[in-house]
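These are the residues of each chain, in order.
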Amino acid sequence: MADAKALKRQKFEAVFAVLRDELLAYLNQEGMPQDAVDWFRRNLEYNVPGGKLNRGLSVVDSVEILKGRPLSEDEYFKAALLGWCIELLQAFFLVSDDMMDQSVTRRGQPCWYRVEGVNYIAINDSFMLEGAIYFLLKKHFRTEPYYVHLLELFHDTTFQTELGQLIDLITAPEDHVDLSKFSLEKHQKIVIYKTAYYSFYLPVALSMYMCGIPHRATDDPYALAQSILIPLGEYFQVQDDFLDFAAPPEVLGKIGTDIVDNKCSWCVNTALALANPAQRKVLDENYGRKDPQAEARVKALYEELGIRDRYAEYEENAYKRILALIEKIPEKPQPKAGEVVLRREVFKVFLDKIYKRQK
């Protein structure tokens, strides 16, 4: 199993090497100086391929499920290319996000802007990672009937993510704690816009367009997919927030920092909704402080308020709700010859990966 997973990742990473070389060839073709070409190569290699690659790989998986057969070489390349475009988008977000948050490390190495000699050049570097998406889409999909849909989807999703980032930045600045700005409604808005659209809807919608699934005036498959994937993305982020508080660091693979970083997390918003005036005072005095004792007081209050039980209840309800949405898709679709239709399995794969995860 682990071997199959590693091979799948290797095959996907081999496509990155091809795309990187295409981007660098363009710079060379335009007569860019060698140091600029080398800089862009380092930017791409440092920021794009290092993560878990879940978003990118899920495009390939979804295309395979929708087509119901192994992909040809060309189909695999195109699906993987769209997957890498999401990874480029993610890199664009993370490079800029790390500067806004003044983060120190990302994926176990210094954030790009903290690498010697980079600093504010990272702003332009993030723009170049975004620009690379549209260069690759034009080069490989310009003649496809769904090309404009791909462009609109990337543009819309990027703007939605930036809106989520804006609400997050002005609601929970790290240097100014004001819990009166927090609420579960605001948390929901942030996670849907900042995470759910680009991490869940985008990979599936891209695979649907690539498979030629058309929009419909009634029962639009894209609206149906969105109605499942946005709640799924919301559940994923709530789970992430809970694990930041509850999972032991050796299981999570990192030390949770949401409390000391003044994050607008599901845990603090749930605590705020449950707290009596004395408990609220504990939150106001201790949340978002760079102090282990203050963090311990907040964690103790979470335990006192039964956040673990609240989460277990939330998880069960979310799972049932999403399963019911998935069941709106016909179980045994009867596509006409050559036609591709939406399948439950696309969404079940996502849900099964997330449900009851520990890290």
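Read on for a plain summary of the structure. (Residues numbered from 1 in each chain as written. Predicted model: local features only at pLDDT ≥ 70, side-chain atom pairs only at ≥ 80, totals over all residues. Heavy atoms only, no water.)

Moving on, we come to unusual backbone geometry. Phi angles above zero are rare outside glycine, and Gln-102 is one such case at about 50 degrees. Along the polypeptide, Gln-102 turns up in the loop between helix H4 (73-101) and strand E1 (105-106). Taking relative accessible area as the criterion, Gln-102 reaches 54% and is therefore assigned exposed. Even without a glycine there, the phi angle at Asn-262 is positive, about 60 degrees. When you line up the elements, Asn-262 lands in the loop between helix H9 (249-252) and helix H10 (266-274). A residue is classified by how much of its surface remains accessible, and Asn-262, at 0% relative accessible area, is buried. (Helix = DSSP H or I, 4+ residues; strand = E, 2+ residues; numbered from the N terminus. Buried < 20%, exposed > 50% of the residue type's maximum accessible area, 1.4 Å probe, protein only.)

Moving on, we come to the environment of Pro-110. Within the fold, Pro-110 resides in strand E2 (residues 109-110). In the structure, Pro-110 is positioned 34 residues away from Tyr-76 in sequence and 33 Å away in space, judged by C-alpha atoms. If near-sequence neighbours (up to four positions away) are discounted, Pro-110 is found in contact with Tyr-46, Val-104, Thr-105 and Val-115. (Contact = heavy atoms within 4.5 Å.)

Here helix H5 (residues 121-141) is 21 residues long and its end C-alpha atoms lie 30 Å apart, about the 30 Å a rise of 1.5 Å per residue gives. By the burial criterion, the buried members of H5 are Ala-122, Asp-125, Ser-126, Leu-129, Ala-132, Ile-133, Tyr-134, Leu-136, Leu-137, His-140 and Phe-141. (Expected span 1.5 Å × (residues − 1).)

How two aromatic rings sit relative to each other is given by the distance of their centres and the angle of their planes. Scanning all chains against the criterion turns up 22 aromatic pairs. Judged by centre distance (6.5 Å) and plane angle (85 degrees), the rings of Tyr-134 and Phe-154 are edge-to-face. With a gap of 20 residues between them, Tyr-134 in helix H5 and Phe-154 in helix H6 (residues 147-171) connect regions that are remote in the sequence. Note on Tyr-134: relative accessible area 17%, which makes it buried. Accessibility expressed as a relative area gives 0% for Phe-154, which makes it buried. Judged by centre distance (6.1 Å) and plane angle (75 degrees), the ring pair of Phe-242 and Phe-245 falls under edge-to-face. Here Phe-242 pairs with Phe-245, and both are found in helix H8 (residues 221-246), just three residues apart, close to one helical turn. (Phe/Tyr/Trp six-rings, centres within 6.5 Å; stacked < 30°, edge-to-face > 60°.)

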